[in-house]
Amino acid sequence: MAVKFVFLACFIIMAFIVYYLFLRTSVINLYCDLQVKIKINNFKRSVKRNGQLIASEDEALLNILAKPMYQRCIQIEMSQLL
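The notes below deal with the structure included here. If you're wondering where the values come from, they're calculated on a predicted model, not measured in any experiment.

## Looking at the pattern of salt bridges
Should the charged atoms of two oppositely charged side chains come close, the side chains can pair. Throughout the structure, instances matching the rule amount to two salt bridges. For the salt bridge of Lys 37 with Asp 33, the shortest nitrogen-to-oxygen distance reads 3.4 Å. Within this pair, Lys 37 and its partner Asp 33 are both found in helix H1 (residues 2–49), separated by four residues, close to a single helical turn. Classification of Lys 37 by relative accessible area gives exposed; the value is 53%. Between Glu 59 and Lys 44 there is a salt bridge; the shortest N-O distance is 3.4 Å. One end of the pair, Glu 59, is in helix H2 (residues 56–81); the other, Lys 44, is in helix H1, with 15 residues separating them in the sequence.

Rules and cut-offs
Every chain begins its residue count from 1, and numbering advances along the sequence as written. Thresholds applied to this predicted model are a pLDDT of at least 70 for local features of residues and 80 or more for the giving and counting of side-chain atom pairs; totals over whole chains, interfaces and linings are not thresholded and use all residues. Computation of side-chain values covers all heavy atoms of the structure but excludes hydrogens and water. Salt bridges are defined by distance alone: a side-chain nitrogen of Lys or Arg within 4 Å of a carboxyl oxygen of Asp or Glu. Every helix listed is a DSSP run of H or I at least four residues long, and every strand listed is a run of E at least two residues long, numbered separately from the N terminus. Relative accessibility thresholds used throughout: buried, under 20% of the residue-type maximum; exposed, over 50%; partly exposed, between the two (1.4 Å probe, protein chains only).

The structure is reproduced here in structure tokens:
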């Protein structure tokens, strides 16, 4: 019984170590990418709801603004981890 508990505890500790060493940054990247896409989609939906169409210039501006939004999200998430 005690051997199973020790094995389980070691497995959980190793899982946390693997997560923090290898998966943390990729999870943050996926999270920030999703957040930026949600914000852009919400903006587009609000423009459509008001009866306006998004011009191609606005699409280009949104694409330009997406990168700083993504970088800011990563900075915030990384600072919260430390």
